[in-house]
Amino acid sequence: MKWNCLFALTAYLFLFAGEAVAVERVLVFDDVKKTDLQANFQSDCVATQPPSNFQKLQRVPTKSNAFFLYFDPSLIEPARFGKFFDYTFYVAVAGSNPPVWYSCGTQVYTQGAFLDRSETAHFTIKVGGAIDDGALDIPLHSIASRDFIEITSVTKPAKVDLSQSTGIELSLHNLLPDQDLLVEPSIQATASHPGYWVSTNNVKLEDAVSKEIIRIPPGESSLVRLRLEPNKIPTLLATLGSVKPDAAHENITAVVSYRSDLGGVSRTKPVNIVVRFTPSLVSLIVALLAGSLLGTLAAQFLPGTWKGFYAMGQRAARGIVFSFVAELFAMLLVALGSKFVFLQFDLDPWQFLPVLFIGFAISGGKEVLSYMGLMKQQNATAENA
Amino acid sequence: MKRIVRGVVIALAALSLAAGATNGPIGLDWHQGGYLYLLLKNGSVSILEETTKQRLATIPTTFGLEPAEIFSARLKERDYVFVSGFVGRNGAVYQYTAEGKPYAKFATPEQAASFDVDPERRLLYVASPVTNVVYAINLDQKGSAAKRVAYIREAEAVGPIIFDRVRNRVMVGDAARGVLYEVDVTTGSYRPIATDLGSPISLGIGPQFKTLYIADRLAGRIHIFRLENGAYKRIDTIETGLRSLSAVATGPSETVFVADGSNAYQLSLKTRKLTRFAY
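For clarity, every value in this text was computed on a predicted model and none was experimentally measured.

> Hey, could you run me through the overall build of chain B in this one?
Scanning chain B from terminus to terminus reveals one helix and 24 strands. For chain B, the C-alpha radius of gyration of 19 Å lies close to 19 Å, the compact-globule estimate for 279 residues. With respect to the three principal axes, the spread of C-alpha positions in chain B is 70 × 40 × 35 Å. Within chain B, contacts between residues at least 6 apart in sequence are counted, and of these 37% link residues at least 24 apart.

> Got a minute to help me understand a nonpolar patch on the surface in this structure?
All names here are of chain A. Judged by side-chain polarity, Leu-281, Ile-285, Leu-289 and Phe-324 come together as a nonpolar surface patch covering roughly 320 Å² of accessible area. Counting residues per element, the nonpolar patch draws most heavily on helix 3 (residues 281–300), at three residues. Structurally, Phe-324 is set in helix 4 (residues 309–335). Judged by its relative accessible area of 32%, Phe-324 falls in the partly exposed class.

> Before we go on, may I ask you to explain the sheet that holds strand 22 (residues 255–259) of chain B in this structure?
What holds strands together in a sheet is hydrogen bonding between their backbones, with the strands either parallel or antiparallel. All names here are of chain B. With antiparallel pairing, four strands are arranged side by side in an open sheet as 21-22-23-24. With partners counted over all chains shown, the strands left at the sheet margins are strand 21 (247–250) and strand 24 (274–277), one partner each. Neighbouring strand axes in the sheet, compared pairwise and without regard to direction, differ in orientation by 25° on average.

> Help me understand the domain arrangement of chain A, please; the structure alone is not making it clear to me.
Bring the parts together and some accessible area is lost; that lost area is often taken as the interface size. Residues and elements named next belong to chain A. Domain assignment breaks chain A into domain 1 (2–140), domain 2 (149–278) and domain 3 (282–384). Relative placement of domain 2 and domain 3: their C-alpha centres are 37 Å apart. Every contact between the two is made by ten residues of domain 2 and, on the other side, nine residues of domain 3. Both sides of the domain 2 and domain 3 interface together cover about 810 Å² of buried area, and 63% of this is carbon and sulfur. At the boundary of domain 2 with domain 3, the tally comes to one salt bridge.

> Please clarify how the interface of chain A and chain B should be interpreted in this entry.
In this complex, chain A contributes 32 residues to the contact, which on the side of chain B involves 30 residues. Each partner contributes to the roughly 2,400 Å² buried at the junction of chain A and chain B, and carbon and sulfur atoms together form 54% of this total. For the interface between chain A and chain B, the tally reads four salt bridges. Inspection of the chain A/chain B interface yields eleven residue pairs in polar contact (both at pLDDT 80 or more). Contributing elements (two or more residues each) for the side of chain A that touches chain B: strand 3 (38–48), strand 6 (77–78), strand 7 (85–93), strand 8 (101–111), strand 15 (186–191), strand 19 (250–260) and strand 20 (267–278) of chain A. Grouping the amino acids of the side of chain A that touches chain B by side-chain chemistry returns 13 nonpolar, twelve polar and seven charged.

> What exactly am I supposed to notice about the packing of helix 3 of chain A against helix 4 of chain A here?
When two helices pack together, their arrangement is captured by the angle between the axes and the distance separating the axes. Residues and elements named next belong to chain A. Where helix 3 meets helix 4, the closest approach of the two axes is 9 Å, and the angle between their N-to-C directions is 135°. Viewed along their axes, helix 3 and helix 4 adopt a mutual orientation that is oblique. Regarding helix 3 and helix 4, the two cross each other, and that crossing is right-handed. Note on element contacts: helix 4 touches helix 3 through Met-312, Arg-315, Ala-316, Gly-319, Ile-320, Ser-323, Phe-324, Glu-327 and Met-331, opposite Leu-284, Ile-285, Leu-288, Leu-289, Ser-292, Leu-293, Thr-296, Leu-297, Ala-299 and Gln-300. Among the residues making up the contact of helix 3 with helix 4, the classes are represented as twelve nonpolar, five polar and two charged.

> Looking at this structure, how should I read the packing of helix 4 of chain A against helix 5 (residues 352–371) of chain A?
Residue and element names in this part refer to chain A. Where helix 4 meets helix 5, the axes come as close as 9 Å, and the angle between the chain directions of the two elements is 130°. Looking at the two axes, helix 4 sits oblique to helix 5. Crossing angle aside, the handedness with which helix 4 passes helix 5 is right-handed. Judged by residue contacts, Arg-315, Gly-319, Ile-320, Phe-322, Ser-323, Ala-326 and Glu-327 of helix 4 engage Val-355, Ile-358, Gly-359, Ile-362, Ser-363, Gly-364, Gly-365 and Glu-367 from helix 5. In the contact of helix 4 with helix 5, the residues fall into six nonpolar, six polar and three charged.

The rules we used
Every chain is numbered independently, its residues counted from 1 as its sequence is written. Each chain takes a letter, starting from A, and each ligand takes a number, starting from 1, following the order in which they are written. For a predicted model such as this one, the threshold for reporting local features is a pLDDT of at least 70, and the threshold for listing and counting side-chain atom pairs is 80 or more; totals across whole chains, interfaces and linings nevertheless cover every residue. In computing side-chain values, all of the structure's heavy atoms are included and hydrogens and water are not. Secondary structure follows DSSP: runs of H or I at least 4 residues long count as helices, runs of E at least 2 residues long count as strands, and numbering of each begins at the N terminus. Two things to know: the radius of gyration comes from C-alpha atoms, and the globule rule equals 2.2 Å times the number of residues to the power 0.38. We call two residues contacting when some pair of their heavy atoms lies within 4.5 Å. Only residues above 30% relative accessible area that lack a salt bridge enter a patch, with like-charged residues linked at up to 9 Å and the nonpolar side chains Val, Leu, Ile, Met, Phe, Trp and Tyr linked at up to 5 Å. Working definition of accessibility: Shrake-Rupley area with a 1.4 Å probe, residue cover restricted to the visible protein chains. Criterion for a salt bridge: a side-chain nitrogen of Lys or Arg within 4 Å of a carboxyl oxygen of Asp or Glu. Accessible area is worked out with a 1.4 Å probe on protein chains only. A residue is then buried under 20% of its type maximum, exposed over 50%, and partly exposed in between. Should DSSP find at least two bridges between two strands, the strands are taken to pair. For every element, the axis is a line fit to its C-alpha atoms; helices are fit only across the contacting stretch, and the angle between N-to-C directions ranges from 0 to 180 degrees. Here the bounds of each domain stem from an automatic or database domain assignment. What gets called buried area is simply the loss in accessible area from a 1.4 Å probe that two parts show on being joined, summed for both. Polar contact criterion, stated in full: a pair of N or O atoms within 3.5 Å, where within protein one must be able to donate a hydrogen and the other to accept it, and residues adjacent in sequence count only if both atoms are side-chain atoms. For this classification, Asp, Glu, Lys and Arg are treated as charged, while Ala, Val, Leu, Ile, Met, Phe, Trp, Tyr, Cys and Pro are nonpolar and the rest, including Gly, are polar. Under this scheme an angle from 65 to 115 degrees is roughly perpendicular, one under 35 degrees roughly parallel, and one over 145 degrees roughly antiparallel; angles in between are oblique. Two helices crossing with the near one rotated counterclockwise from the far one by less than a right angle form a left-handed crossing, whereas a clockwise rotation gives a right-handed crossing.

Written out as structure tokens, the structure is:
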């Protein structure tokens with residue numbers, strides 16, 4: 001108790017002698033030296049009043065409880081011009097009455113190929129003739145250009161459903177060992193075909209939990225949706241050009257802005273997303289019906305086929321039913337990971353043109369396909385095999 | 001009823017203050033006859049009329065930009081405003097018209113984000129805190145490489161920079177060691193002209209280029225230097241009491257504008273009184 005009073009008296013004498021803004025070396029941190037990380041600290045302390053929220057701050061006593069070091073990690077910020085980080089610590093002399101406090105602005109310089117993480121830092125406090133030391137865990141940040149995040153689309157290529165406008169589902173993975181990542185919902189999007197989208201401005205990432213900052217715990221992944229609304233007609237037309245199940249319709253470059261929690265520097269991560277549009281169910285039904293009717297009609301033009309409207313109607317109805325059955329089988333096979341190969345064509349039963357073709361081929365029958373040379377080709381291939 | 005109204009007014013005032021604090025000004029600039037520009041934490045810029053402080057326009061945030069510094073300059077009879085910062089881990093300076101329309105972008109070397117403009121020779125001086133090198137970038141040649149002007153060997157982390165066009169010098173503050181350097185931009189020679197400046201975060205220069213203001217973030221002080229016999233000498237230090245002083249710029253009628261990341265103020269050099277204003 002006597003020692004504490006002596007500390008307090010000594011500190012007050014210093015305080016009054018040097019005025020409130022006199023800068024003192026009250027707090028000294030040892031350098032942190034690891035294989036991939038080096039950090040050094042430069043603290044300058046000024047006498048101050050206890051901060052109003054000091055009870056909420058992280059408190060670390062020195063070894064012999066002569067002092068307390070108070071720390072608010074949420075006040076860490078990168079220096080304006082970028083080379084170091086500003087931390088604020090408070091030193092309190094234990095048991096002093098009136099209270100003796102110092103505010104210690106600390107510049108922390110880090111080097112090394114490390115990802116932002118916490119490390120134990122040893123410190124020494126000296127007020128007047130009294131010295132004591134201790135240690136605390138503090139978050140350390142890097143200014144180097146390394147990625148702290150991995151971004152992948154959940155499906156490859158990323159599926160964009162033209163009927164629901166649900167956006168593109170992305171997985172964001174935090175690579176940091178012990179710090180949260182804060183991802184800005186606003187992103188910068190560039191499309192190779194801007195006409196496919198209603199707008200590529202003000203594009204946002206949406207998290208199931210929050211529409212504000214997306215917080216990802218260390219080592220974990222978060223599923224988010226990239227809200228991009230497709231223009232239905234141009235995108236439906238885009239699907240006509242590709243038949244293969246994994247072909248790309250569009251490429252999007254999205255730049256995501258993020259930072260590590262507790263004062264990390266702002267970073268950006270560009271990611272290229274390959275997009276494949278999926279037409280709506282209504283479009284597929286229309287394609288199947290149109291294909292089926294076209295096939296039936298084509299068959300009627302073949303020599304010796306015409307048997308009147310009633311027979312054509314019957315054939316059309318049969319064609320539609322079989323087309324639907326074939327389409328359902330195709331969808332089931334593809335959904336189970338298999339392929340739907342028809343007349344040597346690897347077809348995607350979720351795309352407009354392949355569905356039109358399924359309807360046409362099933363309803364037209366082998367007469368139409370033979371007339372077009374498709375069946376012959378297949379027979380010839382089978383014979384050669 | 002009165003109590004309810006008073007309560008609502010107090011709540012609204014508290015909300016507006018809180019909103020201001022989360023996106024307060026970190027940089028500002030003004031020159032005679034021009035607007036007052038405030039760079040906010042989120043990277044947007046408020047353009048104010050200097051006397052009434054009425055907001056005239058807002059330059060929106062540039063995606064991914066971590067803002068650092070703002071300067072306004074008159075080039076070929078037109079006012080421009082320049083904003084620097086980091087995009088990812090790369091430095092850049094963006095040029096806007098006085099009305100806030102994007103005009104040009106200049107990539108800076110080695111994460112340089114502090115800068116000033118030489119309007120006569122149309123050069124952008126930037127300083128890298130990583131290498132402590134001062135560079136010049138030609139404003140008229142987009143994409144041209146930055147030309148090395150000087151390397152300040154003794155500096156730890158150079159921060160704010162300001163150009164003295166009368167003497168053809170740039171003043172550079174070392175944010176880590178609290179030293180102010182004067183660099184001759186024609187020869188590249190430099191010398192320290194002041195020490196014990198705490199952590200210089202921002203520099204302002206008077207309209208006659210005879211007074212220099214240095215904001216010390218560490219102690220919340222404004223150091224005032226006056227040019228005497230060809231050299232700057234410290235003549236005064238003003239305690240602002242602001243805990244996170246972030247910017248200083250010369251103002252009209254013996255005042256300076258200052259900002260602390262939460263609010264903007266006009267500081268009278270005569271009375272040393274701070275007057276807060278809305279932005």
